[in-house]
Amino acid sequence: MKINLLHILFAALLTAFPLLSASQAQDLPNILWITSEDNGPQLGCYGDKYAITPHLDELAAKGMRYTRASSNAPVCAPARTTIISGIYPPSTGSEHMRSMTRLPEDFKMYPAYLRAAGYYCTNNNKEDYNVEKNGEVWDESGKKAHWKNRPEGKPFFAIFNSTISHESKIRNKIDAKDRIHDPAKAPIPAYHPDTAITRKDWAQYYDRMTQMDGISGRDLKQIHEAGLDDNTIIFYYGDHGSGMPRSKRWPYFSGLNVPFIVYFPKKWQHLAPADYQAGGSSDRRISFIDLAPTLLSLANIKPMSWMQGNAFSGKYQTEEQPYSFGFRGRMDERYDLVRTVVGKDYIYIRNYMPHRIYGQHIDYMFQTPTTQQWHDLYQAGKLNKAQSAFWETKPAEELYDLKQDPDEVNNLAQSSEHQEVLKKMRSAQQSWLREIKDVGFLPEAEVHSRSKDSSPYQMGHDASKYNFDDVYAAANLASSLKIEDLPAIIHLLDDKDSAVRYWGIIGLLCHQQKGLEAGHKALLKALKDPSASVQILAAEALGRYGSDEDASQALDVILSHCNVETGDLYEAILAANALDYLGKRALPKLDEIKALPLKPKEAPKRLSGYVSRLIPEIISHLEKK
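Residues numbered from 1 in each chain as written. Predicted model: local features only at pLDDT ≥ 70, side-chain atom pairs only at ≥ 80, totals over all residues. Heavy atoms only, no water.

Draft legend 1. Local environment of the layout of surface pockets. In this structure, the largest pocket occupies an estimated 670 Å³ of space. The wall of the largest pocket is formed by 26 residues, among which P41, Q42, N257, P406 and D407 lie closest to the centre. Of all the secondary-structure elements, those providing two or more residues to the lining of the largest pocket are α7 (196-225) and α8 (253-256). Here the residues of the lining of the largest pocket are counted per class, giving 11 nonpolar, 9 polar and 6 charged. Taken as a whole, the second largest pocket holds about 580 Å³ of empty space. In terms of lining, the second largest pocket is formed by 26 residues, of which the most central are R334, I357, H361, D580 and Y581. (1 Å grid on protein atoms, 1.4 Å probe; cavity = no way out; pocket = protein on both sides within 12 Å on 5 of 7 lines; lining within 4 Å. Points joined across faces, edges and corners; volume = space filled by probe spheres on them. Helix = DSSP H or I, 4+ residues; strand = E, 2+ residues; numbered from the N terminus. Nonpolar A, V, L, I, M, F, W, Y, C, P; charged D, E, K, R; others polar.)

Draft legend 2. View of the packing of helix α17 (residues 498-510) against helix α19 (residues 532-545). Interaxial distance between α17 and α19 falls to 9 Å at its minimum, and their mutual angle equals 15 degrees. Overall, the two elements α17 and α19 adopt an arrangement that is roughly parallel. Considering the relative orientation of α17 and α19, their crossing is left-handed. Contacts from S498, R501, Y502, I505, I506 and L509 in α17 reach S533, V534, L537, A538, E540, A541 and Y545 in α19. Partitioning the contact of α17 with α19 into residue classes produces 9 nonpolar, 2 polar and 2 charged. (Axes fitted to C-alpha atoms, helices over the stretch in contact; angles between N-to-C directions. Parallel < 35°, antiparallel > 145°, perpendicular 65-115°, else oblique. Left-handed = near helix turned anticlockwise from the far one by under 90°. Contact = heavy atoms within 4.5 Å.)

Draft legend 3. Spotlight on the side chain of H561. For H561, the position within the fold is in the loop between α20 (548-560) and α21 (569-581). H561 gets classed as buried once you look at its relative accessible area, which sits at 15%. (Buried < 20%, exposed > 50% of the residue type's maximum accessible area, 1.4 Å probe, protein only.)

Draft legend 4. Geometry of the side chain of D529. Here D529 is to be found in the loop between α18 (512-526) and α19. Taking the relative accessible area as the measure of exposure, D529 reaches 9% and is therefore buried.

Draft legend 5. Structural detail: the sheet that holds strand β12 (residues 397-401). What the 4 strands build is an open sheet, ordered β9-β10-β11-β12; its pairing is antiparallel. Across the chains shown, the open sheet's two edge strands, defined by having one partner strand only, are β9 (324-328) and β12. Looking at each pair of strands side by side, their axes are set apart by 15 degrees on average, direction ignored. As paired elements, strand β10 (residues 338-342) and strand β11 (residues 346-351) share 5 bridges and run antiparallel to each other. Bridging across to β11, T340 finds its partner in I349. (Pairing = 2+ DSSP bridges.)

Quick look at the structure:
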């Protein structure tokens, strides 16, 4: 009897819920997202006279443009992860390119909440998340997903994503009919060499933008032909800056700033942003972290308390925020750690691994002709200061005036006139890191090992597993580039926390030969550290700046962690990087390097190719020496 009664009640609830959703659906707008890949605001409606983008210009003329919109990440997978989760990837351990972590079990991706409210949710056609999907996320996801497939009476949330402007499309063949931009007239940023190759790549990028605009026009036309103009809120945005080098992958404004256009039909303008003006623009700082709470707000759902962004439209929209934030972690096979603050007039950049050059060799990036030639011209000594900076190590801090210096080449961090701005934005950056509990300051291997029983987000908020204040203080000290900090940096290597010791080694690497001389004894001890990540970086320091005997010991340690079949994949990526930085000092072990396996037996497919890119490159370089 009790079981039957429970079945009856459960059946009644299932019957009632769709009815409730159908009723609610009458009060919910359709929401269309048109997105495109690897493109900044190089559109006519943003004042770019070289661009030919009539369809998006028309959308902007009846909607509103955001001029300070940010992707938070300057590369696709972390940017999409920010959107789908509503949490900054440095808070979920998912900042690294094509990594894979988990959300807490009770945190849902935003489509799950929209679907529960009655929406039919479709994604056409890319996911590319760095976190595992928890439960059913989309009603449809793939090349055939379409709002037209929804049940009658249901409102829809639909994404249509165009890949025609992707980085790979800059360097491939293009039909003659689509070559409409004159390379001679292409705008060249101050950091790129002005060559025929650079102009050709920029012109083809703009050609692809015109093609992307045509695809966006098709998506808009479908809404019009279905008679849904008056009932559909439309967003258009790019997924990060252009696919040209030093835009994509770098959290300068050129890598973070995206075109972002919103259109609210008259029926739904009560949900529009407070400063919404048809045909207008806004310099409000919005970013991808705001999209999940904004969607929920448009659907009359109060954003989840754990979401880290701010709704900029809908019932629960908030006040304008003074800053948006950006980040860079591992980009494909190369490690880095950068955090960015974007304000109305300035961008502040904090480099926590300043010993790495900006333009570390990333195989995929070097397939673009501009990248190859730019690098070769630097090696030949044929570039000016602004063009050379990309191939050199970084300062600890950077500050740029976005209005006076849109190419971000005049670093104001040492300017006496800008110290107040610098301190304010530095403080905002530090407060943000503490608020989100940024786990990116852990070695990538430890992001996973410390969170194996929960999730990186939960680990990051558990002081017994991650003492953020101590680790961050170590990172801040280690990357200061101040010679007077060396004694304190060496002291970090005695800490009980492996992440603090890890940053102590990075601090010595930042000071190169002087770091080796000051910390030689501690570095030798660190070759036997309980943490493999500490061992690897200590070996890199000894191998690069120590004696021949030091280098021999270092090589043995590094090679012991390079085997992807028997070791940890994240440690193997770190070790392969260290091996590469040893240069010709790795020659005595060339045969052993050649014998290293390239494919891990068990690893996420998204990560499996990184060591297999590094090892052949190292072998090639060594054989030429």
